[in-house]
Amino acid sequence: MAMLKVDDINVYYGAIHALKGISVEVNQGEIVTLIGANGAGKSTTLRTISGLLKPKTGQIMFEGKNIAGMAAQNIVKLGISQVPEGRRVFAHMSVLENLDLGAYLRSDTKEIKADMDMVFGRFPRLAERRGQLAGTLSGGEQQMLAMGRALMSRPRILLLDEPSMGLAPLLVKEIFSIVKDINETGTTILLVEQNAHMALSIANKAYVLETGRVILSGDAKELAASEEIRKAYLGG
Amino acid sequence: MKLLQKTKSDIMALVACLAVYAIIQTLILTDVIGPFWQLNIVLIGINIILVVSLNLINGFTGQFSIGHAGFMAIGAYVSAVLTVKFQLPFIAAIAGGALGAGALGFAIGLPTLRLNGDYLAIATLGLGEIIRITILNISYVGGASGFMGIPRYTDFTWMFAFTVFTVFVIKNFIDSTHGRACISVRENEIAAEAMGVDTTKYKVLAFTIGAAFAGVAGSLFSHYFYIAHPASFTFMKSFDILTMVVLGGLGSISGSITAAVLLTFVSAALASYPEWRMIIYSLMLIILMLYRPQGLFGNKELSLKMLSRWTGGKKHGSTQGN
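Residues numbered from 1 in each chain as written. Chains lettered and ligands numbered in written order. Predicted model: local features only at pLDDT ≥ 70, side-chain atom pairs only at ≥ 80, totals over all residues.

Draft legend 1. How the structure looks around the overall build of chain A. Each helix and strand counted, chain A has ten helices and ten strands in total. The C-alpha atoms of chain A give 17 Å as radius of gyration, which agrees with the globular expectation for 236 residues (18 Å, within 12%). Projecting the C-alpha coordinates of chain A onto the three principal axes gives extents of approximately 45 × 40 × 35 Å. Within the span of chain A, comprising 236 residues, buried residues form 49% of the whole. (Helix = DSSP H or I, 4+ residues; strand = E, 2+ residues; numbered from the N terminus. Rg over C-alpha atoms; globule rule 2.2 N^0.38 Å. Buried ≥ 20, exposed ≤ 12 C-beta atoms within 10 Å, placed from the backbone.)

Draft legend 2. Representation of the overall build of chain B in the model. What chain B contains, in helices and strands, is 13 helices and zero strands. Reading the secondary structure of chain B in the N-to-C direction produces α-α-α-α-α-α-α-α-α-α-α-α-α. By the compact-globule yardstick of 20 Å for 322 residues, chain B fits well, its C-alpha radius of gyration being 20 Å. In terms of overall dimensions, chain B has a C-alpha envelope of 60 × 50 × 45 Å along the principal axes.

Draft legend 3. Inspection of the interface of chain A and chain B at higher detail. Contacts between the two partners involve 24 residues from chain A, matched on the other side by 18 residues from chain B. If you list the elements that add at least two residues to the side of chain A that touches chain B, you get helix 2 (72-78) and helix 3 (95-102) of chain A. Here the side of chain A that touches chain B gets four residues from one element, more than from any other, and that element is helix 2 of chain A. Across the side of chain A that touches chain B, the residue classes break down as eleven nonpolar, nine polar and four charged. (Contact = placed C-beta atoms within 7 Å. Nonpolar A, V, L, I, M, F, W, Y, C, P; charged D, E, K, R; others polar.)

Draft legend 4. Representation of the confidence of the model for chain B within the structure. All names here are of chain B. In the predicted model, chain B carries a mean pLDDT of 89, and 93% of its residues have values of at least 70. The low-confidence segment residues 313-322, where pLDDT is below 50, has ten contacts with residues more than four positions distant or belonging to other chains. As scored by the predictor, the complex reaches a pTM of 0.82 and an ipTM of 0.73. (pLDDT = per-residue confidence, 0-100.)

Draft legend 5. Expanded view of the sheet that holds strand 5 (residues 65-66) of chain A. All names here are of chain A. The sheet built from four strands is open, its strands ordered 2-1-4-5 with antiparallel pairing. Where the open sheet ends on each side, the last strands, each with one partner, are strand 2 (16-26) and strand 5. Bridge analysis of strand 1 (residues 4-13) against strand 4 (residues 57-62) gives five bridges, and the strand direction is antiparallel. Across the sheet, Leu4 pairs through a bridge with Phe62, a residue of strand 4. (Pairing = 2+ DSSP bridges.)

Draft legend 6. Representation of the environment of His178(B) in the model. Residues and elements named next belong to chain B. Inspection of the secondary structure puts His178 in helix 7 (residues 177-187). Distance from His178 to Ala206, taken between C-alpha atoms, is 9.4 Å for residues 28 residues apart in sequence. Residues contacting His178, with those up to four places away along its chain left out, are Phe173 and Tyr202.

Draft legend 7. The arrangement of the sheet that holds strand 3 (residues 31-36) of chain A in detail. Residues and elements named next belong to chain A. An order of 6-7-8-3-9-10 is seen for the six strands of this open sheet, with the pairing classed as mixed. Looking at strand neighbours, the two that pair on one side only are strand 6 (80-83) and strand 10 (213-219), the edges of this open sheet. Each adjacent strand pair in this sheet contributes to an overall mean axis angle of 15°, direction not counted. Bridge analysis of strand 7 (residues 157-161) against strand 8 (residues 188-193) gives five bridges, and the strand direction is parallel. Each bridged residue has a counterpart across the sheet, and for Asp161 the counterpart in strand 8 is Val192. Helix 1 (residues 42-49) rests against strand 3, strand 6, strand 7, strand 8 and strand 9 (205-210) of the sheet, and its axis sits at about 145° to strand 7. Each of strand 6 and strand 7 is contacted by helix 6 (residues 139-151), which is oriented at about 170° to strand 6, the strand it contacts most. (Axes fitted to C-alpha atoms, helices over the stretch in contact; angles between N-to-C directions.)

Draft legend 8. Region of the structure containing the confidence of the model for chain A. Of the residues in chain A, 99% reach a pLDDT of 70 or more, and the chain-wide mean stands at 91. Per-element confidence in chain A ranges from a low mean pLDDT of 76 for helix 10 (residues 227-233) of chain A to a high of 95 for strand 8 of chain A.

Draft legend 9. Highlighting the pairing of strand 9 of chain A. Counting buried positions over the six residues of strand 9 of chain A gives five, a clear majority of the element. Where strand 9 of chain A folds back onto strand 10 of chain A in an antiparallel hairpin, the turn is made up of two residues, including Thr211(A), whose phi is positive at roughly 40°.

Draft legend 10. Spatial organisation of the pairing of strand 10 of chain A. Summarising the sheet, strand 9 of chain A and strand 10 of chain A pair through six bridges and their orientation is antiparallel. If you follow Ala206(A) over to strand 10 of chain A, its bridge partner there is Gly218(A).

Draft legend 11. Here's a closer look at helix 10 (residues 235-248) of chain B. Residues and elements named next belong to chain B. For helix 10, built from 14 residues, the straight-helix expectation of 20 Å at 1.5 Å per residue is met to within 8% by its first-to-last C-alpha distance of 20 Å. Along helix 10, the positions that sit buried rather than exposed are Ser238, Asp240, Ile241, Leu242, Met244, Val245, Val246, Leu247 and Gly248. Those residues of helix 10 hidden inside the fold are in contact with helix 2 (35-60), helix 3 (68-84), helix 5 (118-136), helix 11 (253-269) and helix 12 (274-291). After helix 10 finishes, the residue Gly249 shows a positive phi value of roughly 120°. (Expected span 1.5 Å × (residues − 1).)

Draft legend 12. Region of interest: the packing of helix 2 of chain B against helix 9 (residues 199-222) of chain B. Residue and element names in this part refer to chain B. Relative orientation of the contacting elements helix 2 and helix 9 amounts to 165°, with a least axis distance of 9 Å. Here helix 9 runs roughly antiparallel to helix 2, going by the angle between their axes. Every pair of crossing elements has a handedness; the one defined by helix 2 and helix 9 is left-handed. Facing helix 2, whose interface residues are Ile46, Ile49, Leu50, Ser53, Leu54, Leu56, Ile57 and Phe60, helix 9 presents Ala206, Phe207, Ile209, Gly210, Phe213, Ala214, Val216, Ala217, Leu220 and Phe221. Of the residues contributing to the contact of helix 2 with helix 9, the split by class is 16 nonpolar, two polar and no charged. (Parallel < 35°, antiparallel > 145°, perpendicular 65-115°, else oblique. Left-handed = near helix turned anticlockwise from the far one by under 90°.)

Draft legend 13. How the structure looks around the packing of helix 3 of chain B against helix 4 (residues 90-112) of chain B. Residues and elements named next belong to chain B. Interhelical geometry of helix 3 versus helix 4 gives an angle of 140° and a closest axis separation of 8 Å. Judged by the angle between their axes, helix 3 and helix 4 are oblique. Note that helix 3 runs across helix 4; the crossing there is right-handed. Contacts from Phe71, Ile74, Gly75, Val78, Ser79, Leu82 and Thr83 of helix 3 reach helix 4 at Phe90, Ala92, Ala93, Ile94, Gly96, Gly97, Ala98, Gly100, Ala101, Leu104 and Gly105. Taken together, the residues that form the contact of helix 3 with helix 4 break down as eleven nonpolar, seven polar and no charged.

Draft legend 14. Fine view of the nonpolar core. By size, the foremost hydrophobic cluster in this structure holds 155 residues, and its most contacted members are Val51(B), Met72(B), Tyr77(B) and Ala217(B). If we skip the residues at most four places from it in the chain, Tyr77(B) touches Ile135(B), Val141(B), Phe147(B) and Ala228(B). (Core = buried A, V, L, I, M, F, W, Y, C linked by C-beta atoms within 7 Å.)

This is how it looks when you write it as structure tokens:
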């Protein structure tokens, strides 16, 4: 059984029909990626899963429980954590305080401390800057902080929204290798990316979205090799 | 170690409070401070309560509310009704005033806090006026001529105790997990929600607490001036409070206290030059906003470390970015 099963959801922004019957399945331990052009509905799908948006129809099953329309904080409690697009760190708080807020729903002080050490181990650059205000970090560091912050809630599945946005190619590589690392230590990942090439290189499974519909899906390696995808998304 | 430091600074704060209280109370008892300045000292305390409580809403939670005078009015009238019509003791009346204002803050906050920015400001401005005009039309509390015959229960001791209490409660709230959640709402609402912070709950909670303390201030106010009058609670009063919040620094309690003391003091000191008063007052605000747009304290708190930095002369690089 799939860990997360998005089943035929329809989402509207006012009168605009943004998601037209999207279905996505994520199995435990996988990296699944949603790719597609601007406005395809990738971020909307993520935001619906994490409860920031409510679907008009359709189900979102997480470990056998329908979470469609649940309040965001309850969804986080179940173990779904989102790294929002554009990072959105708390600019006027220190790195440490940002991470603390990631563990907002937990009260096991000792383990929070251990997880914080784990995050600092994974992102040594954050450890160096733990007292610094998040707004003064570079873009890449902010992305790391946003990811570290999401990890602090001990998610069973991590939703990543465009982690490569606005970052230099070298940093993009670093971020993706960290994503792979996080996955290898047992966290399932649902990744939204415009950088299809990078996303397909680390994912197990991929869905291609276009104007609110899934137009293609399958094994990431196969999709990366397919002529159609290469033409449309990988630049020849 | 950290805990020890905290206890130490708590004790020092307590000692400082007692010392300030003892000095001013002695000066009042020995008539060194005359009635005019006594009145203004009480006003300073009431203003501190108003400014710190509004700062919780505007500065820490980032919800731009400008209807604080309305909640103050609720406190003033509810407590007056309780002491005059029901002969309840003052402390019960204050609690009643706070409860009334807090309940109304909750009822109003629930629907309006879905708005943000300018829209919330306009809505709260309107609500403040609605409260005032409703009171104006209730003859049970005196209508347009005001609620008269309120006993003077407030004195320096009451005022001081409640000011310290307000600052203590709000400061502790901000330093708690709940306070951190409120600040995260101000910093980035979407990220806060994605972290599992129930943003609506915290906005309403901050609004309710802020309103309740405005009610406390209102209760102290009406029981000092013998009268509660709708004209004392116009939107100009809300703006006065807001001015002090912004001047002291959004998100700084020590800034709020300093601004409340400073502006009330300046306003009182200029009372004998009525024709110059508003000009000097306005000029001061303009100059301060030109040179300290983030307010006197920004979002920092006054601390011993900060003091020693000033006096020690060793300048640290500012980490304030962007």
